[in-house]
Amino acid sequence: MIFAGVILSGFFLAFLVAPLFKVLGKAAPWVISLFPFSQLLFFLMLWTNRPHATGELVACTQWVPGAGVDLCFLIDGLSMVFMVLISGIGGCVFLYSKDYLHDDPHLDRFYSYLLVFMSAMLGLVAADNVISLYVFWELTSISSFLLIGFHPDTPEARRAALQALLVTNLGGLAMLAGLVILAEAGDSYYFSELIQRGDVIRAHPHYSAALLLLLTGAFTKSAQMPFHMWLPNAMVAPTPVSAYLHSAAMVKGGIYLVARISPIFGGTALWFGALTIVGGITFVIAAVLGLAQRDVKRMLAYSTISVLGMLMAVLGIGNEKAVQGAMVYLFAHALYKSTLFMTGGAIDHAAGTRDLTRLGGLGRMLPLVAGAGILAAFSKSGVPPTVGLIGKELIYEAGLHAHSAQKVIVAGALFGNMFLAAVAWAAGIRPFVGRLQSPEAPHALKPMMWFAPLVLGVLGVALGWAPEIVEKTFLHAAANTVSGHPVPMDLALWHGFNTAVLLSILTLAGGGLLFWVRHRWRRFAEARPWVGPDILYDRLLSVLKGIARLSTRLLQSGYLRQYMILVWAVSAGMVSWMLFDAAPLSWPAFAPVLPHLHEWVIGSVMMAAAVFAIATTQRLVSILALGVIGFGVTLFFVLYSAPDLAITQFLVETFSVILFVLVLYRLPELKDRSPVATRVRDALVALAVGAVMTLLVLGSPSVQYYPKISEYFAQVAVSAAHGHNIVNVILVDFRVMDTLGEITVLAVAAIGVYSLWRREDA
Amino acid sequence: MYMMALLVGGLFAMAVYCLLRRNLLKLVFGFLILSHAVNLLIFTAGGLTRNAPPIAPSEAKFLAAPYADPLPQALILTAIVINFGVFAFLLALVDKARRKTGTDDSDAMKGSDA
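Draft legend 1. Main features of the overall build of chain A. The helix and strand tally for chain A stands at 31 helices and two strands. Since a compact globule built from 762 residues should have a radius of gyration of about 27 Å, the 36 Å found for chain A marks it as more spread out than a globular shape. For chain A, long-range pairs separated by at least 24 residues make up 79% of all intrachain contacts whose partners lie at least 6 apart in sequence. Split by element, the accessible area of chain A, about 32,200 Å² in all, is 70% carbon and sulfur. Here chain A contributes 47 positive and 41 negative side-chain charges, whose respective centroids are spaced 14 Å apart.

Draft legend 2. Representation of the packing of helix H4 (residues 107-126) of chain A against helix H11 (residues 239-247) of chain A in the model. Residues and elements named next belong to chain A. Between H4 and H11, the shortest axis-to-axis distance is 12 Å and the interhelical angle comes to 0 degrees. Looking at the two axes, H4 sits roughly parallel to H11. On H11, the residues touching Phe-110, Leu-114, Phe-117 and Met-118 of H4 are Pro-240, Val-241, Tyr-244 and Leu-245. The residue inventory of the contact of H4 with H11, partitioned by class, reads eight nonpolar, no polar and no charged.

Draft legend 3. A look at unusual backbone geometry. Positioned with a positive phi, Met-250 of chain A is a non-glycine residue whose angle comes to about 55 degrees. Among the secondary structure elements, Met-250 of chain A is positioned in the loop between H11 and helix H12 (251-265). The backbone of Asn-51 of chain B shows a phi angle near 55 degrees, a positive value even though the residue is not glycine. Residue placement: Asn-51 of chain B occurs in the loop between helix H2 (24-45) and helix H3 (70-101). What makes Asn-51 of chain B exposed here is its relative accessible area of 73%.

Draft legend 4. Representation of the packing of aromatic side chains. Evaluated as defined, the whole model comprises 28 aromatic pairs over all chains. Seen in terms of ring centroids, Phe-42 of chain A and Phe-43 of chain A are 5.9 Å apart; in terms of plane orientation they differ by 65 degrees. Their pairing is edge-to-face. By relative accessible area, which is 23% here, Phe-42 of chain A ends up partly exposed. Given a relative accessible area of 1%, Phe-43 of chain A falls into the buried group. Relative to Phe-12 of chain B, the ring of Trp-568 of chain A has its centre 6.3 Å away and its plane inclined at 75 degrees; by these criteria the two rings are edge-to-face. Taken as a pair, Trp-568 of chain A in helix H24 (residues 560-582) and Phe-12 of chain B in helix H1 (residues 2-19) lie in two separate chains rather than in one. Considered together, Trp-568 of chain A and Phe-12 of chain B belong to a single accessibility category, that of buried residues. Over the face of the ring belonging to Tyr-17 of chain B we find Arg-21 of chain B, whose NZ or CZ atom lies 4.2 Å from the ring centre.

Draft legend 5. The arrangement of the interface of chain A and chain B in detail. With 99 residues of chain A at the interface, the matching set in chain B holds 83 residues. Counting each side, the surface lost to burial between chain A and chain B is near 8,700 Å², with a carbon and sulfur contribution of 74%. Contributions of two or more residues to the side of chain A that touches chain B are made by H24, helix H25 (597-615), helix H26 (619-639), helix H27 (643-662), helix H28 (676-699), helix H29 (710-721), helix H30 (726-734) and helix H31 (736-757) of chain A. A per-element tally of the side of chain A that touches chain B places H28 of chain A first, with 13 residues. Considered class by class, the residues forming the side of chain A that touches chain B number 61 nonpolar, 21 polar and 17 charged.

What counts and how
- Residues numbered from 1 in each chain as written.
- Chains lettered and ligands numbered in written order.
- Predicted model: local features only at pLDDT ≥ 70, side-chain atom pairs only at ≥ 80, totals over all residues.
- Heavy atoms only, no water.
- Helix = DSSP H or I, 4+ residues; strand = E, 2+ residues; numbered from the N terminus.
- Rg over C-alpha atoms; globule rule 2.2 N^0.38 Å.
- Contact = heavy atoms within 4.5 Å.
- Areas by Shrake-Rupley, 256 points an atom, 1.4 Å probe, with all protein chains shown as cover.
- Lys, Arg positive; Asp, Glu negative; His and termini not counted.
- Charge placed at Lys NZ, Arg CZ, Asp CG, Glu CD.
- Axes fitted to C-alpha atoms, helices over the stretch in contact; angles between N-to-C directions.
- Parallel < 35°, antiparallel > 145°, perpendicular 65-115°, else oblique.
- Nonpolar A, V, L, I, M, F, W, Y, C, P; charged D, E, K, R; others polar.
- Buried < 20%, exposed > 50% of the residue type's maximum accessible area, 1.4 Å probe, protein only.
- Phe/Tyr/Trp six-rings, centres within 6.5 Å; stacked < 30°, edge-to-face > 60°.
- Lys NZ or Arg CZ within 6 Å of the ring centre and 35° of its normal.
- Buried area = accessible area lost by both parts, 1.4 Å probe.

Here it is, written out as structure tokens:
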């Protein structure tokens, strides 16, 4: 209960941001920034004081008890890693935003969105129930839509926001389907129980479908190819959003999902194949494309896609080292990527551009920003002593420990990591060193713009010196969770000289080489027109709009008659399908009731009157013909034992004729404006409907889905309701609320008629 | 009973034909015929019984078989009353629309809320 309150209070605080800004003015961001840090403190205290050192905590609150949806939170090592990152980096982003957007008139709105985003993300990684996971998942999509489109005055921002929403929402729907299949297969909607039933689920016939649907969700969220295009485009967002989106929130959702289902789905050939192929391809291609960018944010965006691909692939390998590597690198990446985005934003602020070809030597003006950037670049490229290096070596070891043919992963990882190292130096170091290059004279920055990244950058290096701090608190527990069983873990910078160390040295050397030739590669790439998924997205969207236009033109003609024809044709078609397929006709059922001659006469007169009402152009005649039909119906009610109906119908019919006659002089002429061909078409539709309805009546006696309930009324009407007329008893006693509804309809209709006829001014 | 089936089908056909006319008054006629057709459809589908209204004799403790099914009758009774309300409203609406737009051609009223 307390835990749910701590997670959900962010949503409530989001509504209080605007009043807080009114009351506190400039101090408001300070107060709001305290919130994520206090959450961080709470999570750490809760975790370190947990009753079982190895186990997890489950905190439940009922939400929709009838539908089996509870607000249950599962706090284990895996969710702890994410919660620490989300709240800790969140706090730094909150501080950074204060100075980055200090002159933005909508800063309060920005903090509201950011709070919703952060809380949704916390809920996502802590949710135990699969349905509440989905709800939080979509909340992050919606809040990221608002954040990416925070400056909606440019078409790029609107397009990017919509693209992010569409791509991740479509993936989210696939994931929902996958979650439902998973829950049905495992007979539980709770991860804490599903984790125990991995064997059942892996043997289930729908295993592949569930896995592929879940991975579709994870791949769209984590920007895996070919769904990656929304992430570079999302760079139109304010930089604090990018820093958060890329490090701790949003894109890490997909990684979280894969890690969460790893003990349930992992270890099969499909799991390995799907994750390593998609992740591996994304890893390498995005790293290569990243080095060709000139905008520092786009470059970092591609490197995020690349790292996410690497994490996916590593989770696909799934051996002990792989799981450890994934957790450590995830942590390292969150620290250095948020730092690099913040330093990128600081450079943009100070120098007025993000174009890396026009930047250099800024370190002299911005020494602290430079310090943060360089430390982060070290962690990213794997220079000792950083936490990034520890993660990278674990990943190399994971590849080396993989089965024989899977060792090809090591080659891919080496290749991709070289590019990532070059990207790290180009984005994190190059702008600060060398000859001074800057379009605007660099000016000093407000304190939070260097403080926030510096904290995170220093952490990346400090934890490289002392990785056991995070290992003991949550990384080891996280690796155990993802593996599904306890694994040994011993993080250290130096394990003696081995193949992984050699690979790290090779990475740095290769990265240096690539850094040196990066401009040549960029010019080569810029000179070529690329056909990427981004263009395909536009084409797909325009095809979709074309289909919408076409169907609108076909179905929404604006002519009442065409809607009518469609409605009647569909209903007649469905009824006849039911008649012939589901309930075959049985003619003998009619034999007991044969019509008398006078009934034939009444029926024929009614039909003749109906034809007359249609054919005549004289208003009075047609109204009389309609009256004949109504009184004919009354006669049938009399003949077939329905005196109440006969009385009512008689009254209503009389009223109807009076009503018609009252307004007769104002009624329009009865010309038929349609050409003959249209009349023939309408007649054919009408006859088809009539034929189907005739068959329906003929078929009805042979169908009895439920036992008649009239017998009950016949039995108890006298004793329970003291009425002898059963129809009346049903209306005024057994179903009295329905009759009340009926009277209400009449009253509403009367008010409508009155208001329409009240004034003549019109 | 065959006769009733034919009658219901015939009324449906007439109603649909009326509903497909451009003239708004014909639309009202179509609605009226349709309501009769639907009521008779329910009535007939519930089973036809002669000379046995669902009314218990004054001394009886319950209604003994045979009797006409009271439930469809209760449904139809409600339907008749509601149909009348809707009919009155429809008539008023058509009249108002004709006076407002100066036409009773549904095609001419397309896509505008003048």
